[in-house]
Structure formats: structure tokens, C-alpha cells
Amino acid sequence: MTAQFDSKGNLRHLLTLEGLSREALLQLLGRAGQIRDAAMGRVKRRGTLARVAVCTLFFEPSTRTRSSFQLAAQRLGADILNFDASTSSIRKGETALDTMRNIEAMGVRGFVVRHPDDQIVERLAEAAGEGTALVNAGDGRNAHPTQGLLDMMTLRQAKGADFSQLKVLIVGDVKHSRVARSDLHALRILGVGQIRVCGPANLLPEDDVLQGCQVGQDFDEMLEGVDALILLRLQRERMEEGLVRSLDDYHARYGLNADRLRRAAPNAAVLHPGPINRGVEITDDVADGPQSWILRQVANGVAVRMAVLETLLT
Amino acid sequence: MTAQFDSKGNLRHLLTLEGLSREALLQLLGRAGQIRDAAMGRVKRRGTLARVAVCTLFFEPSTRTRSSFQLAAQRLGADILNFDASTSSIRKGETALDTMRNIEAMGVRGFVVRHPDDQIVERLAEAAGEGTALVNAGDGRNAHPTQGLLDMMTLRQAKGADFSQLKVLIVGDVKHSRVARSDLHALRILGVGQIRVCGPANLLPEDDVLQGCQVGQDFDEMLEGVDALILLRLQRERMEEGLVRSLDDYHARYGLNADRLRRAAPNAAVLHPGPINRGVEITDDVADGPQSWILRQVANGVAVRMAVLETLLT
Amino acid sequence: MTAQFDSKGNLRHLLTLEGLSREALLQLLGRAGQIRDAAMGRVKRRGTLARVAVCTLFFEPSTRTRSSFQLAAQRLGADILNFDASTSSIRKGETALDTMRNIEAMGVRGFVVRHPDDQIVERLAEAAGEGTALVNAGDGRNAHPTQGLLDMMTLRQAKGADFSQLKVLIVGDVKHSRVARSDLHALRILGVGQIRVCGPANLLPEDDVLQGCQVGQDFDEMLEGVDALILLRLQRERMEEGLVRSLDDYHARYGLNADRLRRAAPNAAVLHPGPINRGVEITDDVADGPQSWILRQVANGVAVRMAVLETLLT
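The residue count restarts for each chain, going from 1 along the sequence in the order it is written. A letter from A marks each chain and a number from 1 marks each ligand, given out in the order of writing. Where local features are concerned, this predicted model is filtered to residues with pLDDT of at least 70; where side-chain atom pairs are given and counted, the filter is 80 or more; whole-chain, interface and lining totals use all residues. Hydrogens are left out, water is left out, and the side-chain values use all remaining heavy atoms of the structure.

## Quick word on unusual backbone geometry
Move 1: Residue Pro 275 of chain A is bonded to the preceding Gly 274 of chain A through a cis peptide linkage, with omega at -15°.
Move 2: Put simply, DSSP marks the helices as runs of H or I at least four residues long and the strands as runs of E at least two long, and each gets a number from the N terminus on. Within the secondary structure layout, Pro 275 of chain A lies in the loop between strand E9 (269–271) and helix H11 (284–287).
Move 3: Unusually for a residue other than glycine, Asn 267 of chain B sits at a positive phi of about 60°.
Move 4: Looking at the element boundaries, Asn 267 of chain B is found in the loop between helix H10 (258–261) and strand E9 (269–271).
Move 5: Of the residues examined, Asn 267 of chain B reaches a relative accessible area of 55% and is grouped as exposed.
Move 6: One non-glycine residue with positive phi stands out, namely Arg 51 of chain C, at about 75°.
Move 7: Tracing the backbone through its elements, the reader meets Arg 51 of chain C in the loop between helix H1 (22–38) and strand E1 (53–58). When accessible area is computed with a 1.4 Å probe and restricted to protein chains, residues below 20% of their type maximum are described as buried, those above 50% as exposed, and intermediate ones as partly exposed.

Here it is, written out as C-alpha cells:
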């Protein structure tokens, strides 16, 4: 994807982490870190986007991600327009492109776009006018770059800035996960020591996604000695599609509990993009326990999104 | 409920009016009065909640109550996040507690929560982090404390600050009404002279709710000489449940019209939490007549909610 | 409609363009032009409505029009309340009037109202309290005055301020179109040289709407030498109602393509209120071509709405 860079190679949109330089990625993380530090954990309002209008343009509902972006934009002083494209004229047959161009014509400069398809967000970015910036808030199975960034920010807080010796395990429905794809891109860019991927055979993705990863189906085995785990949400559709036999069966094979967690390195960090299915991907004691970084991921998400919006729009 | 006080006995959340001291209740009313007076009826914007994010977290839809809180928070300068929990990841199986904790992790400090169940809001308050404040915007049949406060504010405007000689009648579906419960708490705390409760037998609540009240089923009789009436909204579900024969029948027995109103004391005040069912609980001439305080209740609602948010969050 | 003027003849609400003086209409256009010029195309934030609360009260969904008004109000510094009256207590049986009065009692001063019926918005305006202003954002088939204004603003940009020599053609479902009615009012007030109206016989309106217009069913014929075309959106309901045989048939007879456009005057301006049905009212090459003013209409819409809100509320 090249639509995200301008002719000088600067970041113009954030569509994917793939192809980002290590330097660009660290700059975004650095800015996010400053934003959080500046207020010792609490993020203060900044006026950097005063007079700028930002639209959350969601072609697929996601109250939580939208809220995170909305709070990020508000704290930068931006005006927010929440445009729910699943209940709008889209349904009257208007194309996604016409919808974006219209809102753009209304003077909106930043778009936070979620779409169920893999390629629409990039096409929107290609068609965007000068001065307009897009942030991909999740498109199909393709990418969810701000989630990838916030996961990296959280890993750095948990394990330090040197990733070269780290072993990180991604567990679950990797096949359908844009989070996993963005995490894999970021982990490779940051030169993580070892990436392991684990899940049922029919939920593992094509080989090119797994390049350079250790892949396995036995969770207990893959857990041995890892420094961090990224659990993926199990979508209930997978059961209806017959890809997962039952939630109980999934939990027995891939659910993280305290016993299993002891196989990982001491003080291994547990991450999950949320919302968590308690008793499916994770037990209560682990989700709410001292090794869980799940709520810190959420907090970091706002800082990361502030950093991205500020970078693209100022 | 003790979750609403901190270790020093200060109000930390507003979950119910039950157990509030007379002094605490009068302080909230006093602040609300100042807010309205300050602008001679019109409430001006204040900056007291600038940089504070407030979330309306509604697990049950209520555009009107949400709007009142939103306008209150806006006028204090807060950033608002409207989180409709009936269309969000809640439906994907996330618990109310996880939803609140997530939004809290995003940096939101104030939560205005509505929930169809009786006990969830208190549990959320118990689980809330330090510095987070909850306002109960109605939970099940349990409580709707800001409605209770705005009713008291309105009664004071109508009848003066000395409640000791007042006779107040609450009419309708008291059994299912959180408004009635909060009003009853407030009227007792303020030492109102006489509380009467009136409604069909199967819409009257348990005895402990009615402690110290004069209770009857004959509206005309109960009306004699009262200084104020609080009519309750008749939910249409009551008919489907067979608790009310028909709207016409209800109106014949418990509908307030100009004739009936003459049985009350001269210039008796008529209150209703809204939205009103015209021709059911009340006739047009009374709803729109000189003894109706219904729209002033709405106006007072914004001032009361500003006072509550400011008290809890500054 | 007289509800829109106060006793001194000043504009108090904007309900329709009918009956507006040429001077009043030009003043609104002038202010909108200043707002756009002030920022050389980009509209800057102004503080003229700081501390004023504006409510978009939509009894019929329209994300796009609501968004345009919301951005306009935000850029004037107003507080916005989006009240979706199709999912609120309206459904519990409350009247539109009670809904408006309630929000008014909450301190909202400006209402942007859309309603599926022809007469409700005017009735709401008649009932509004002193200091409250309404803008009609489209009511039934009756009027959509800000669309009329933005169309005039666009025509002036395209064709200059002297309308006396202009030939303007309105094409499509004029019968059901509030846009057409408001455009016709405005074109007459501005003294346009010639108004032509074209569409299938069963989609042409009553005679009084067409007063002074040249009317025909043959699109090619009516196109000859026009300086500007206003295409109307074809609602898909018209097919279900049997008023249009098929989209293909409609396109063959009334769809604008590059060939047809050559019949018009050189550089004729093409307008459409959106959202466009590509391949029905218009082909891609015309919609996205150099004679299309469609996106500039959208941009002008925000400026016009800012001008209207500022005029009514300051």
C-alpha cells in the first residue's frame, strides 16, 4: 500500500502498519508516550486540532473503537461528526466513495473509517482530496493499524523497549483477524526475537501471513517460555460457520487460565483487543489478574489515536 | 446503599436519595437553584468541567433523559460521549462491568448510567476506580435520584421551602416506578407534612415502600385538599400484562382533569415526569394549564443535573 | 406562511422561501458568501453561537442533512444535541409538539427540524416560545429552504449574480420534491429569466406549483440551450408505487449523460441535491465531470446553514 505516503515519503494516511519504517513506527509510539506521560497517566486536553473537523465514518458498527477515536479527537480539541454509514443514505444505494466525498466537501479533514471489506479504505484514501487524512479503524481481515500500535505501546510498557529477545505468542482465530495481521507487521518491524502463532488448523491464515513465525496448534506447547501473549477474540460467527465446535471445546483447547499461564515466562504479559469473552478466550482470574494488560491497552489506545490524528492533521 | 459515600461520608456517586442527609439534599438543591438564578431562568455555560469527559452509558434507551444530562454536561464545558449500550458490544456478550471499565480506561471520569435492572448501577459504582463518579439515571424500579431532586426543586418553587405543612399526592403505577421511590425518599427526608399514594390495587408496591404514607385507591377522595400532585406515567406494557383494563378505564379512574383538580387545594401544583400520555394520566387543559409545572420540571432537570455533575466531579 | 416573521417583519424562523423578499434572500446569500470567502473556500470556526444550544430534531432519518447542520452549528461554536425522534419517546406516543417543548424547556434555542408531514414544522414554529428559532430541514413535499438557498448560492457562483437572462431546467420527480418547490420559490424571487420543468406526466405537480414555468415531458427538447440543470433524486419508492416503470426506463428518458448535456448551453451547470443514484439520474462521467457543481453544492450547504443559524440566533 502506497496511498498512505505523500510524494516526500511522509505519512499522509494511516491504512496499515505494513511497509512502515521502524523509525516512523517508533515516532508514533514516542508521541503517544509523551501524550500519556504529559499527564502522568491521565491525558489532558490539547488544542492542536482546534477548528479541525474529524468524522468517524463507520460502515460496520463498533461503538467501542468509535468511542476511543472520539475521545482522542475531543481531547485534541477537534469537532467530531459521528457518521453511522450503516443507517444512512448508504442504504439508499450511495457508494462509500460518494459518502466520503460529500462529508469531505462539508469541510471535514480527518476520517476515521471502518469497513467490513478488505480494500475499500485504501480506495477511499486514494480518492481523498489534498489535505484530507484517513485513519483505518479496521477493514475486513486486512488491517487495524491503531490496534497494532497500541499493542506495541503496551508491550513496551510491560517488557521494555528492546524487543530483540522477546518471545510473543498470538493465539486464536488468526485467519479472520485484522488485529493479528497488524500486530504481526508491527512485531516484525520492531524486530521481535520470536513470533509464535497458535490456533485451530482451520483458523490459521495463509502462509504469507505467517512468514517467519513458529506455528502450532498445541496451546500448552506454544506457551512455553513466552514473554507476552496476544489473545484474539473468538467471533461467535465461527461457531455458526462450523469452524469451532463449541465455546467449551474452544476454551478447553485455547482458553487461557492461571494453570496454563504458568507455562509462560514469569510475569508474562497478557493482551487482548477486547471485548473479551470471559470463560472462552480467558478465565476471570487471568483477565482481572496482575499479568493482565487489557485495560492498559484500552488506555494506550486513546493516546495512540491522539498521536496518529495529530501526526496526520497538523 | 453505601457505595455512594466515600470514607469521609462525602457524596462520591449519586445512586439513590435513600439515606441522604437533609443537609446533603438541600445542598444539591441549593446549588441547582444558584445555577438557574445565575442566569435568571436561562442557564449559562460554566467551565467547571472543562477537560473532563462524561459518558452517558444507557443500557435502556431514553433519548429524553440522556439529552437532559448531555445538555447539563455540555453547559459545564465537559466532553460528552454518548454510549448506547443496547447496540454495542454488550450485545456481543460483554458484561456491563467490562463496558464501564473499558470506557473508564479511556479516561472518562463521569458516568451517567441507566439500566433496566435494579442492582447493576450500584455494582458498577462499587467497581469504579478512584476518581470516577456515577450518576444513576434510572435503574429498574429502584431509583431515579435526579428526577427526585428536580421534583423537589419544582415543589419548592411552587410551594416554598417549608414542606412541613404540605400534603403531596403521588398517583398511578407506583409499583413499577423508580420516580415514585425517589420522590418518596426525598419527601420524607425533607419532612413533608403528609404523603398520600393512590393507584389501582395491583399497581401499588410492597408495604415498605409505602411506610408512613396514606394509601388509597379512590382518586377523588385522595385528592381532597392536596397541595401538589405527582402523576406517574402509565407504561403501555401494563395493559399487555393485564394490569390495566384499558386506557379509557384508567383515565376514568385516575386521569386528572379540571373538575377533579378542583378537589385539591387552591393553586395545587401538578407534576409529571414525562413524557405525558395526553388523555390518559392527564387532560390537555390541565397539562397546558396554569397549575401545570411539567415544563418547569424539565427546565429544573438540567440545573439539577449540572449541580450533581459539578458536585461529584469537581 | 407568516409564522416565520416577527411583528416587525424580521425573519424569526426559516420555514420556507415562499414569501421571502428578494432583499432578505440576498442578505442570507450574502452572509453565506462572506462565510465561505472569509477562509478562501475553507470555513473557519466562528464564536457567534458560543453558549447557544442547537438541536437537530429529526422525525425522519437523514444522516447527511443532519451532518451538514451539525457541522454548521459546531463551526459557530454552538452546543449540539442530536435528537433522533424516530427512536425516542415519540414512539411511546408523545406528540411532536410536546417533544419540542420539552427540549425547549431544557434550554435549547435553535431547532433544525425534519418531518415527513407537510404541516407539522410550521405548527411547531407557531408554538415555539420567544427567543426560540426553527429551521425547516425538509418537511413532506412542502419545503427545504436551506437546499433552495444553497442551490441559488451555487448558481450564482456558476453563472454570476444576474439571473435575469438565465434559463434553468428542473428535471425529475417534481411532484414529490420539496427541493423543487424551494428552488422554484427562490428562482422566482431572484427573477430568473426562464424556468423549465421536465419529468414524466405522473411525476409533475399541481398547476399552482408550476406557475410561470415552461413544462414538458421530453427531456432532450427541454434541455436545448439551458444554462443550468437541477436534477432531482428519484426515490426508489416511486417504482414500488408503479409511478416509474424501471430505473433503466427512467434513465433512458430522463438520465443525464454527456451526449444529452451537449444540448444545453456551453458550460451549463449541473446540480443535484444528492445523494445521487449513479446510472439513474446521471452518468458517472457527468457527475464527476467539469460541469458538475454537486460537491460545491454540498460545501455551500454548510455556509448557507451557518448563515441561517447565525441570522436567526444572534
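Structure's up, so let's keep going.
## Concerning the packing of helix H5 (residues 145–159) of chain C against helix H12 (residues 294–313) of chain C
Residues and elements named next belong to chain C.
Move 1: Helix axes use the C-alpha atoms of the stretch in contact, all axes being lines fitted to C-alpha atoms, and the angles between their N-to-C directions lie in the range 0 to 180 degrees. Where H5 contacts H12, the two axes come as close as 8 Å, and the packing angle between them is 120°. With respect to their mutual orientation, H5 and H12 come out oblique. Considering the relative orientation of H5 and H12, their crossing is right-handed. When H5 is examined against H12, the residues Thr 146, Gln 147, Leu 149, Leu 150, Asp 151, Met 153, Thr 154 and Gln 157 are found in contact with a partner set consisting of Arg 296, Gln 297, Asn 300, Gly 301, Ala 303, Val 304, Arg 305 and Val 308.
Move 2: Broken down by class, the residue content of the contact of H5 with H12 amounts to six nonpolar, seven polar and three charged. Working definition: roughly parallel below 35 degrees, roughly antiparallel above 145 degrees, roughly perpendicular at 65 to 115 degrees, and oblique for all remaining angles. Two helices crossing with the near one rotated counterclockwise from the far one by less than a right angle form a left-handed crossing, whereas a clockwise rotation gives a right-handed crossing. Two residues form a contact once any of their heavy atoms are found within 4.5 Å. Side-chain classes follow a simple rule in which Ala, Val, Leu, Ile, Met, Phe, Trp, Tyr, Cys and Pro form the nonpolar group, Asp, Glu, Lys and Arg form the charged group, and the remainder, Gly included, forms the polar group.

## Looking at the domain arrangement of chain A
Interface size, as often reported, equals the accessible area lost upon joining of the parts.
Residues and elements named next belong to chain A.
Move 1: The domain architecture assigned to chain A consists of domain 1 (2–143 + 300–313) and domain 2 (145–297).
Move 2: Domain start and stop points were drawn from an automatic or database domain assignment. Computed over C-alpha atoms, the centres of domain 1 and domain 2 are 25 Å apart.
Move 3: Tallying the contact residues gives 34 residues for domain 1 and 26 residues for domain 2.
Move 4: Two parts placed together each lose some accessible area; with a 1.4 Å probe, that loss summed over both constitutes the buried area. Summing the contributions of domain 1 and of domain 2, the shared interface buries around 2,400 Å²; its carbon and sulfur component is 63%.

## A look at the relation of the copies chain B and chain C
Move 1: With an RMSD of 0.0 Å, the fit of chain B onto chain C corresponds to turning through 120° and sliding 0.0 Å along the axis. Both copies of the chain, as the preceding transformation shows, are related through a three-fold rotation axis. Copies overlap after least-squares fitting; the atoms used are the C-alpha atoms of residues with pLDDT of at least 70 in both.

## Structural notes on helix H2 (residues 63–75) of chain A
All names here are of chain A.
Move 1: Along its 13 residues, H2 runs 18 Å from first to last C-alpha, staying within 8% of the 18 Å computed at 1.5 Å per residue.
Move 2: Among the 13 residues in H2, 13 count as buried, and that is most of the element.
Move 3: Just past H2, the residue Gly 77 takes up positive phi, approximately 85°. An expected span of 1.5 Å times one less than the residue number is assigned to each helix.

## Quick notes on the pairing of strand E5 (residues 167–171) of chain B
Residue and element names in this part refer to chain B.
Move 1: Counting buried positions over the five residues of E5 gives four, a clear majority of the element.
Move 2: For E5 and strand E6 (residues 194–198), the ladder comprises five bridges, and the chain directions are parallel. From the neighbouring strand, Lys 167 faces E6, where its bridge partner is Gln 194.
Move 3: A crossover gets the label right-handed when its path from the first strand over the helix to the second runs clockwise, viewed with the strands pointing away from the viewer. Handedness of the crossover is the feature at issue here: the chain leaves E5, passes through helix H6 (residues 178–189), returns alongside E6, and the resulting connection is right-handed.
Move 4: In short, DSSP must find at least two bridges between two strands for them to pair. Two strands pair when backbone bridges link them, and E5 and strand E8 (residues 228–231) are joined in this way by four bridges, in the parallel orientation. Paired with Ile 170 across the strands is Ile 230, a residue of E8.

## Brief notes about the side chain of Gln 297 of chain A
Move 1: Within the element layout of this structure, Gln 297 of chain A appears in helix H12 (residues 294–313).
Move 2: A distance of 2.7 Å separates a polar atom in the side chain of Gln 297 of chain A from a polar atom in the side chain of Asp 151 of chain A. Nitrogen and oxygen atoms within 3.5 Å of one another constitute a polar contact, given that in protein one can donate a hydrogen and the other can accept it, and given that sequence-neighbouring residues count only through two side-chain atoms.

## Focus: the interface of chain B and chain C
Move 1: Taken together, the contacts link 23 residues of chain B with 21 residues of chain C.
Move 2: A combined buried area of about 2,000 Å² lies between chain B and chain C, and 52% of that area is made up of carbon and sulfur atoms.
Move 3: We define a salt bridge as a side-chain nitrogen of Lys or Arg found within 4 Å of a carboxyl oxygen belonging to Asp or Glu. Seen at the junction of chain B and chain C, the total is one salt bridge.
Move 4: One salt bridge in this structure joins Arg 278 of chain B and Asp 98 of chain C, with 2.6 Å as the shortest N-O distance.

## Points about the sheet that holds strand E3 (residues 110–115) of chain B
Residue and element names in this part refer to chain B.
Move 1: What the four strands build is an open sheet, ordered E2-E1-E3-E4; its pairing is parallel. Edge strands, defined here as strands with exactly one partner in the open sheet, are strand E2 (79–84) and strand E4 (133–139). Looking at each pair of strands side by side, their axes are set apart by 15° on average, direction ignored.

## Some details on the interface of chain B and chain A
Move 1: Of the residues lining the interface, 21 residues belong to chain B; the matching set on chain A comes to 23 residues.
Move 2: Connecting chain B to chain A are one salt bridge.
Move 3: Where chain B touches chain A, the interface holds five residue pairs in polar contact (both at pLDDT 80 or more).
Move 4: Of all the elements in the fold, those that place two or more residues in the side of chain B that touches chain A are E2 and helix H3 (96–105) of chain B.
Move 5: The biggest single contributor to the side of chain B that touches chain A is E2 of chain B, with five residues.
Move 6: When grouped by side-chain class, the residues that make up the side of chain B that touches chain A number seven nonpolar, six polar and eight charged.

## Details of the packing of aromatic side chains
Residue and element names in this part refer to chain C.
Move 1: Ring pairs shown here join Phe, Tyr and Trp side chains whose ring centres sit within 6.5 Å, with only the six-membered ring taken for Trp; geometry is labelled stacked below 30 degrees between planes, edge-to-face above 60, and tilted in between. This structure, assessed with the given rule, holds six aromatic pairs over all chains.
Move 2: When the ring of Tyr 250 is compared with that of Tyr 254, the centres are 5.6 Å apart and the planes differ by 40°; the resulting orientation is tilted. Taken together, the residues span about one helical turn, with Tyr 250 and Tyr 254 both in helix H9 (residues 247–254) at a distance of four residues.
Move 3: Of the residues examined, Tyr 250 reaches a relative accessible area of 4% and is grouped as buried.
Move 4: Since its relative accessible area comes to 2%, Tyr 254 is described here as buried.

## A few points about the confidence of the model for chain A
Move 1: For chain A, per-residue confidence averages 94 on the pLDDT scale, and residues scoring 70 or more make up 95% of the total.
Move 2: The ipTM value of the predicted complex is 0.94, and its pTM value is 0.96. Scored from 0 to 100, pLDDT reflects the predictor's confidence in each residue.

## A short note on the pairing of strand E4 (residues 133–139) of chain C
Residues and elements named next belong to chain C.
Move 1: For E4, a buried count of seven out of seven residues is recorded, marking the element as mostly surrounded by other parts of the structure.
Move 2: Bridge count for strand E3 (residues 110–115) against E4 is five bridges, and the pairing is parallel. Its bridge partner lying in E4, Gly 110 is registered against Ala 133.
Move 3: Crossover handedness for the path E3 to helix H4 (residues 120–127) to E4: right-handed.

## Quick look at the packing of helix H3 (residues 96–105) of chain A against H12 of chain C
Move 1: It is at 8 Å that the axes of H3 of chain A and H12 of chain C come closest, and there the two elements cross at 45°. Viewed along their axes, H3 of chain A and H12 of chain C adopt a mutual orientation that is oblique. Across the interface between the two elements, Arg 101, Asn 102 and Ala 105 of chain A of H3 of chain A pack against Leu 295, Val 298 and Ala 299 of chain C of H12 of chain C.
Move 2: Taken together, the residues of the contact of H3 of chain A with H12 of chain C sort by class into four nonpolar, one polar and one charged.

## Some points on the pattern of salt bridges
Move 1: Tallying each qualifying case throughout the model produces 41 salt bridges over all chains.
Move 2: Between Glu 310 of chain C and Arg 46 of chain C there is a salt bridge, with its nearest N and O atoms 2.8 Å apart. Taken as a pair, Glu 310 of chain C in helix H12 and Arg 46 of chain C in the loop between H1 and E1 lie far apart in primary sequence, 264 residues in all.
Move 3: With a shortest N-O distance of 3.4 Å, Arg 181 of chain C and Glu 206 of chain C are connected by a salt bridge. Of the two residues, Arg 181 of chain C is situated in helix H6 (residues 178–189) and Glu 206 of chain C in the loop between strand E6 (194–198) and strand E7 (214–216); the sequence distance between them amounts to 25 residues.
Move 4: Relative accessible area serves as the criterion here: at 10%, Arg 181 of chain C is assigned to the buried category.
Move 5: Among the ionic contacts, a cluster of salt bridges with common partners joins Asp 98 of chain A together with Arg 278, Asp 284 and Asp 288 of chain C.

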